[in-house]
Amino acid sequence: MTQKPKYGIGLDLGSTSTKAMLIDRERRVLGSHLLPTGASAVGAAERCLEAIAIQAPIDVSRSITISTGYGRSVIESADRNITEITCHSVGVNHLNPDIRLLIDVGGQDSKVIRIGAKGRPEDFELNDKCSAGTGRFLEVMAGVLEVPLKDFGNLALGSTDPCEISNTCTVFAESEVIGHIGAGKRAEDIAAGIHASMAAKIASLSKRIRSTGPLGLTGGVALNPAFVHYLSIELGEDIWVPEEPQMTGALGAAILALDEGD
Amino acid sequence: MLQQVMFRYMLEGHTASEEGKLAWVTSGFPVEIPQAMGVTSSYPEQYAAVVGSEKVGPTVCGFAEELGYSQELCSYARSGIGSVLHPDDSPLNGLPPPQALLACNNICGTVLRWYDAVSELTEAPVFLLDTPPLDDGQSAHHMRYVKSGIHKLVDFLSKHFGTELEEGRLREVAELSTQAISLWTQCLEACKKRPSPLNCADRFLAMAPVVSMRGTDHIVEYYQALLDEVNHRVREGVGAIRDERIRLLWDNIPPWFNIFKFFNGLAKRGVVFPADTYTHAWSGSISGDDLFESVATIYSNVYLNKGLDAKVDKMCELIEDYNLDGFILFSVRSCKRYSLGQMVSKELVSERTGVPGVIIEGDMVDSRLFNEAQIQTRIDALLEMLL
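Now for a quick tour of the structure. (Residues numbered from 1 in each chain as written. Chains lettered and ligands numbered in written order. Predicted model: local features only at pLDDT ≥ 70, side-chain atom pairs only at ≥ 80, totals over all residues. Heavy atoms only, no water.)

### A closer look at helix α14 (residues 308-321) of chain B
Residue and element names in this part refer to chain B.
Consideration 1: The terminal C-alpha atoms of α14, which comprises 14 residues, lie 20 Å apart, in line with the 20 Å expected from a rise of 1.5 Å per residue.
Consideration 2: Of all the positions in α14, only Lys311, Val312, Met315, Cys316, Leu318 and Ile319 are classed as buried. Buried residues of α14, seen end-on, are gathered within an arc of 160 degrees and therefore sit on one face of the element. The exposed residues of α14 that point more than 90 degrees off its buried face are Asp309 and Glu320.
Consideration 3: Each element contacted by the buried residues of α14 is listed here: β5 (246-251), β6 (271-276), β7 (326-332), α15 (336-339) and α16 (342-353).
Consideration 4: Asn323, located one to two residues past α14, shows a positive phi value of around 55 degrees. (Helix = DSSP H or I, 4+ residues; strand = E, 2+ residues; numbered from the N terminus. Expected span 1.5 Å × (residues − 1). Buried < 20%, exposed > 50% of the residue type's maximum accessible area, 1.4 Å probe, protein only. Arc of directions from axis to C-beta. Contact = heavy atoms within 4.5 Å.)

### Points about the pattern of salt bridges
Consideration 1: Counting across every chain of the model gives 38 salt bridges over all chains.
Consideration 2: With a closest N to O distance of 3.7 Å, Arg186 of chain A and Glu188 of chain A form a salt bridge.
Consideration 3: Judged by relative accessible area, which is 37%, Arg186 of chain A ranks as partly exposed.
Consideration 4: Here Arg210 of chain A and Glu351 of chain B are joined by a salt bridge, their closest N and O atoms 2.8 Å apart. Here Arg210 of chain A, found in the loop between α6 (187-206) and β9 (215-218), pairs with Glu351 of chain B, found in helix α16, and the two come from separate chains.
Consideration 5: Classification of Arg210 of chain A as exposed rests on a relative accessible area of 51%.
Consideration 6: Three or more residues joined by partner-sharing salt bridges are found here, namely Arg72 and Glu84 of chain A together with Arg269 and Asp380 of chain B. (Salt bridge = Lys/Arg side-chain N within 4 Å of Asp/Glu carboxyl O.)

### A short note on the sheet that holds strand β3 (residues 100-104) of chain B
All names here are of chain B.
Consideration 1: Strand order in this open sheet of four strands is β2-β1-β3-β4, and the pairing throughout is parallel. Where the open sheet ends on each side, the last strands, each with one partner, are β2 (40-42) and β4 (126-129). Taking the axes of each pair of neighbouring strands and ignoring which way they run, one obtains an average angle of 30 degrees across the sheet.
Consideration 2: Pairing between strand β1 (residues 22-25) and β2: three bridges, direction parallel. Within the sheet, the bridge partner assigned to Trp24 lies in β2 and is Ser42. (Pairing = 2+ DSSP bridges. Axes fitted to C-alpha atoms, helices over the stretch in contact; angles between N-to-C directions.)

### Structural notes on the interface of chain A and chain B
Consideration 1: If you look at the interface, chain A gives 17 residues, while chain B gives 17 residues.
Consideration 2: Summed over both partners, the interface of chain A with chain B comes to about 1,500 Å²; 45% of that surface belongs to carbon and sulfur atoms.
Consideration 3: In terms of surface lost to chain B, no three residues of chain A exceed Phe124, Lys129 and Arg210 of chain A, which account for 32% of the buried area on that side.
Consideration 4: Inspection of the chain A/chain B interface yields five salt bridges.
Consideration 5: Ionic pairing is found between Arg72 of chain A and Asp380 of chain B, a salt bridge with its closest N-O pair at 2.9 Å.
Consideration 6: In this structure, the connection of chain A to chain B is made through 10 residue pairs in polar contact (both at pLDDT 80 or more).
Consideration 7: Among the elements of the structure, α2 (84-95) and β8 (121-127) of chain A are those that each provide at least two residues to the side of chain A that touches chain B.
Consideration 8: Among the elements that take part in the side of chain A that touches chain B, β8 of chain A stands out by supplying six residues, more than any other.
Consideration 9: Tallied by class, residues from the side of chain A that touches chain B come to six nonpolar, two polar and nine charged. (Buried area = accessible area lost by both parts, 1.4 Å probe. Polar contact = N/O pair within 3.5 Å; in protein donor to acceptor, adjacent residues only side chain to side chain. Nonpolar A, V, L, I, M, F, W, Y, C, P; charged D, E, K, R; others polar.)

### Here we look at the side chain of Arg378 of chain B
Consideration 1: Relative to the helices and strands, Arg378 of chain B resides in helix α17 (residues 372-386).
Consideration 2: Among the residues examined, Arg378 of chain B registers a relative accessible area of 6% and is labelled buried.
Consideration 3: Arg378 of chain B has contacts with Phe124, Leu126 and Asp128 of chain A together with Val358, Ile359 and Ile360 of chain B, leaving out every residue within four places of it along the chain.

### As for a nonpolar patch on the surface
Consideration 1: On the surface, Leu308, Met343, Val344 and Leu348 of chain B cluster together to form a nonpolar patch covering roughly 300 Å² of accessible area.
Consideration 2: A total of three residues in the nonpolar patch trace back to one element, the largest contributor, which is α16 of chain B. (Patch = residues over 30% accessible without salt bridge, like charges linked within 9 Å, V, L, I, M, F, W, Y side chains within 5 Å. Areas by Shrake-Rupley, 256 points an atom, 1.4 Å probe, with all protein chains shown as cover.)

### What about helix α7 (residues 225-235) of chain A?
Residues and elements named next belong to chain A.
Consideration 1: Among the residues making up α7, those that are buried are Ala226, Phe227, Val228, Tyr230, Leu231, Ser232 and Leu235.
Consideration 2: For α7, the elements touching its buried residues are β6 (101-105), α4 (149-157), α6, β9 and β10 (239-240).
Consideration 3: Downstream of α7 by a residue or two, Gly236 has a phi angle that is positive, lying close to 65 degrees.

Next up, the structure:
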């Protein structure tokens, strides 16, 4: 490409959902789309790109695409791939340059990133081995309590006496929840215990990264108000959550795509 | 030349075994003593690295697991036990059968139990040279204790193999060992140059003789040839990799089953590893009036027998001396002694040197514990911080 790119496209292929974002040189969002990754990361990426093409028909030859997320290397149409660690940092830094510690809790992993003054990661920790610190934990527990996932957080916020969930493993915590159900505990209190237990686990991961400065939370789990509430209690700090916490990786990738062309 | 040296090692092991003069030893054992007493050594840890390199770790470890050993047990120990149980189904048909098992716990405590298990299977007796971990230097009573252990070792070998220790012979062996280690150290230090003449996998292979044949004359020749080649590369400005852009430190044993793919893959991206904590572990010269005291000092002060502070100091020193841009700590599931404390080390080393690092998880032999995608993301993120 001889001319500078006019558009940046970020494609974030997460384990649970795939996100795409299209921005122009002024960093204005022209299109964005999110859908479940399902069995094919490539297929999900293609459908996302089609969706943003409908939202904002652009001259694709004037764009650069960067893929990120766990499926980042399988997208042949991307010009380059960059890890979600860097993309989330850049995306969050664009939305709120004050954030110094970012916690991202996705469907099947969680990460904590210290963001430097220039918006780039300086240190990070990942949990991609244990499902108990991920969105999957809440999904399984909502299933046990027969509550739609989107209502799970609000249910927990109605608790007056949260149950104690001591297990930090999804499988064993499920048995523990069933025990509480059997003991006649209220669904609200069990739900609150589940959220508090997961918040404690994420807080412990975040404490591994030394940082001073405002804290941000992204990823699908940031949409859950009870998780934000309990994490804030656990860390003793206010937590900033962007409007679309699932999109920051794709946004960062799109910004990096434009930087790439410069 | 390396192949010839290692072939000779295997042949000598088999011959010694047939003559009733073979001992299996741990990697941190003072082999100069049995060597000077005419007892040949074979190394189960090195053999386990061969099991890993041959990509049969899960199979050979599986033989030990079938007997009831946990997957949590060190994969070197599982490979060792597994290959004794089923030598015909193991690489090189296993190690030649031992007449004695010499363990030194300066590298870990597992070796004793592992050798006990092998002793049950082979009926070879175990000798333990106990070197309690050091925290803040070696005290006089620690030295006396280890030295008395060396005297007991000599008694054990004398009785068991019907041999004696002559001081003159020990001095010769110690001198040969010192020469090999000195040449090896010079090869390592040449990697301070930019571009680095050796990469990680080069050093992990080239160290085999200094691990397994210290005290013999032919390995001095080998290390002299290696040093000549390394010096030639430095003079000509020939690097171990084509386009050196990032210099990293490696900590811990490598994933043997993936060693070339892993380091060569990074080399293609301009990443070289001029230093690592592992191949720098064989150092120190046995000398002075009191050779036993010298042996007790060197073998008590090995990297893994010291506290976390010493490990952090060593890593910082290597990062500074070798002008490195970052570091990778390989958390090896098997090797608790090496991997414990890496999270704290990472923080301290970054703080002191100002360079970033990352911890990746896996194993040196058991490839079932190595998740490439997870490791890739961590390393990619580190490189993005550096580029």
